[in-house]
Amino acid sequence: MRNTLPVMNLIVYAIPVFFLLIGIELLIARMRRLSYYRFNDAITNLSCGIGSQIAGVFLKTATFIGYKYLYEHSLFKIDGPTLASMAYHGNAATLHALEITFSISIGVLLFVGVDFFYYWFHRLAHEISFLWGSHVVHHQSEEYNLTVALRQAALQGAFSWVFYLPLAVLGFSPELFLTIASLQTLYQFWIHTKLIGKMHPAFEYVFNTPSHHRVHHGVNPKYIDRNHGGTLIIFDRMFGTFQVEEEEVVYGITKQAKSWNPMWVNFEYWIGLFRDVFRVQRLKSAVLMLVKMPGWKPAELGGVETPKAVTPQTFNKYNTEISEGLSYYVFFQFVVVLLGASAFLVMQGLKPFSEDLVFKIGISSLIVIAIINFGGIFEQRAWLPPAEILRIVATILLVIYLAKNSAVFFIVLSVAVAFGLVSILWFTKFIGQFNLKRQEDVQINAG
Ligand SMILES: [Zn+2]
Ligand SMILES: [Zn+2]
């Protein structure tokens, strides 16, 4: 690559801003006595976000090969400053002005291009059951707040990359594409809020807004599979998928995941789908189940499922209860995992291809086990106490292993052992709560 700067994952650098805005939204909601947040739901949303970023570390290299290959073999090469230099005819000031004008117009053009192909990936991810499995995670939360924006499916990137390949053929450089695609993703953060009502009509006409995107997350039959836009809403208006926000939105999916386990929620839809696919007699029915709308079933499996009418009063949200003390424990561990995962992701961005595999796989596995355990705590699973103690011991051992040649080894060792002892002693206070027979899932109204 000509560019000497590392290709930065802008999403990782935006993490502090995300949490600042989540804090502000939480505070405003509390002050207005609005129950927009539930602890178990918010932690699971954020855990899914961490999980998808970790999966991205392994996926990105693979999914990017196709884009790079097509770009290298493309007849065109569009990289802001390069073409601008070619257009140089006058003095330095003219060149500079040309460069800026050119870079901005190329940037805007590519942004619209990314948003267009995003619309089609996103729309088909809703309309084709097999692809729905790669996106469903984003829709499982039954709340609507800024943490939902970060709730992303781990394997979505393994499918969506194909849709952007035309941009490589048009000659948009991989660096330019990654930067603009990150900005397009970042835009979608702030629209996941109930605190902003409808905005200026001119803005609502062109751009995706909190109101439009609330509709997208609705299970009310008239809201299902509407408003697929990323930054712009004009493609929904053009291609007939636009729906204005009218009655109150009920959030979630028609087939509730009923789990706080970030691993399970990533695969439960596909597991159910393939279970059904292998139950049908005719090959044609099996194929149709994979490519038709989610919920499409042949007559032998009971026929097509149609979504039922819902209101906030009749829809039961999935919920479970844990003690307040255990919630504080989860919060503490979550903050540690978040800081560790953020540091790991920043390091991956700086030197993506050159690090130790033990480091990469070791840290990733520990992060994934941690977020699975948070789900196990919320669901009060019997397997959780030994799993949690093992996780803490494994964390200490890995930290010691990774720091073995470090100049500050003894400081790292002391911190790791102190963290481990505090965590284990604290956690053992709650072990009795896991011996109780697991409560039946508590359901609460959405209203
Ligand atoms: Zn969607
Ligand atoms: Zn969303």
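1. A few points about the overall build of the protein
Logical step 1: Along the protein, the regular secondary structure elements total 20 helices and two strands.
Logical step 2: Relative to its full complement of 447 residues, the protein shows a buried share of 31%.
Logical step 3: The contacts of the protein with a sequence gap of at least 6 include a subset with a gap of at least 24, amounting to 73%.

2. Notes on helix α16 (residues 324-350)
Logical step 1: If you check α16, its first and last C-alpha atoms are 39 Å apart, about what 27 residues at 1.5 Å a residue would give, namely 39 Å.
Logical step 2: Restricting attention to buried positions, one finds in α16 the residues Gln-333, Val-337, Ala-341, Phe-344, Leu-345 and Gln-348.

3. Side note on unusual backbone geometry
Logical step 1: We note that Arg-33 has phi near 55 degrees; this positive angle belongs to a residue other than glycine.
Logical step 2: Classification of Arg-33 by C-beta neighbours within 10 Å gives exposed; the count is 6.
Logical step 3: For Gln-380, which is not a glycine, the phi torsion comes out positive at approximately 45 degrees.
Logical step 4: Take Gln-380: it is sitting in the loop between α17 (357-378) and α18 (384-402).

4. Regarding the nonpolar core
Logical step 1: Counting 64 residues, the largest nonpolar core has Leu-110, Phe-177, Ala-341, Ile-367 and Ile-371 as the members making the most contacts within it.
Logical step 2: With nine residues, the top contributor of residues to this core is helix α3 (residues 39-72).
Logical step 3: Setting aside chain neighbours within four positions, we find Ala-341 in contact with Ile-50, Ile-54 and Ile-367.

5. Re the packing of α18 against helix α19 (residues 409-428)
Logical step 1: Contact geometry for α18 and α19: axes closest at 9 Å, N-to-C directions at 175 degrees. Taken together, the axes of α18 and α19 lie roughly antiparallel to each other. For the pair α18 and α19, contact is made by Glu-388, Ile-389, Ile-392, Val-393, Ile-396, Val-399 and Ile-400 and by Val-412, Leu-413, Ala-416, Val-417, Gly-420, Ser-423, Ile-424 and Phe-427, respectively.
Logical step 2: Here the residues of the contact of α18 with α19 are counted per class, giving twelve nonpolar, two polar and one charged.

6. Concerning the environment of Ile-372
Logical step 1: Among the secondary structure elements, Ile-372 is positioned in helix α17.
Logical step 2: Classification of Ile-372 by C-beta neighbours within 10 Å gives buried; the count is 20.
Logical step 3: Beyond its immediate sequence surroundings of up to four residues, Ile-372 is in contact with Asn-261, Pro-262 and Met-263.

7. Some points on the environment of Asn-227
Logical step 1: Mapped onto the fold, Asn-227 is located in the loop between α12 (210-216) and α13 (234-239).
Logical step 2: Residue Asn-227 is classed as buried on the basis of its 26 C-beta neighbours within 10 Å.
Logical step 3: In sequence terms Asn-227 and Gln-243 are 16 residues apart; their C-alpha atoms lie 6.5 Å from each other.
Logical step 4: With near-sequence residues (within four places) excluded, Asn-227 lies in contact with His-212, His-213, Val-215, His-216, Ile-233, Asp-236, Thr-241, Phe-242 and Gln-243.

8. Overview of the packing of α3 against α16
When two helices pack together, their arrangement is given by the angle between their axes and by how far apart the axes lie.
Logical step 1: Relative to each other, α3 and α16 sit at 20 degrees, their axes nearing to 11 Å. By the angle between their axes, α3 is roughly parallel relative to α16. Taken as a pair, α3 and α16 cross one another with a handedness that is left-handed. In contact with Phe-39, Ile-43, Ile-50, Gln-53, Ile-54 and Val-57 of α3, α16 contributes Ser-327, Val-330, Phe-334, Leu-338, Ala-341, Leu-345 and Gln-348.
Logical step 2: Of the residues that constitute the contact of α3 with α16, the class distribution is ten nonpolar, three polar and no charged.

9. Details of the confidence of the model for the protein
Logical step 1: When pLDDT is averaged across the protein, the result is 90; 89% of the residues are at 70 or more.
Logical step 2: Below a pLDDT of 50 lies the segment residues 1-6, which in the model reaches four contacts outside its immediate sequence neighbourhood of four places, other chains included.
Logical step 3: In this model residues 81-89 is a low-confidence stretch, pLDDT under 50, and it forms twelve contacts with partners more than four residues away in sequence or in other chains.

10. Focus on the environment of Gln-188
Logical step 1: Along the chain, Gln-188 falls in the loop between α10 (174-187) and α11 (201-206).
Logical step 2: Taking the C-beta count within 10 Å as the criterion, Gln-188 has 15 such neighbours and is therefore assigned partly exposed.
Logical step 3: For the pair Gln-188 and Gly-230, spaced 42 residues apart in sequence, the C-alpha to C-alpha distance is 6.4 Å.
Logical step 4: If we ignore the near neighbours within four places in the chain, the residues touching Gln-188 are Ala-149 and Gly-230.

Criteria and cut-off values
Residues numbered from 1 in each chain as written. Chains lettered and ligands numbered in written order. Predicted model: local features only at pLDDT ≥ 70, side-chain atom pairs only at ≥ 80, totals over all residues. Helix = DSSP H or I, 4+ residues; strand = E, 2+ residues; numbered from the N terminus. Buried ≥ 20, exposed ≤ 12 C-beta atoms within 10 Å, placed from the backbone. Contact = placed C-beta atoms within 7 Å. Expected span 1.5 Å × (residues − 1). Core = buried A, V, L, I, M, F, W, Y, C linked by C-beta atoms within 7 Å. Axes fitted to C-alpha atoms, helices over the stretch in contact; angles between N-to-C directions. Parallel < 35°, antiparallel > 145°, perpendicular 65-115°, else oblique. Nonpolar A, V, L, I, M, F, W, Y, C, P; charged D, E, K, R; others polar. Left-handed = near helix turned anticlockwise from the far one by under 90°. pLDDT = per-residue confidence, 0-100.

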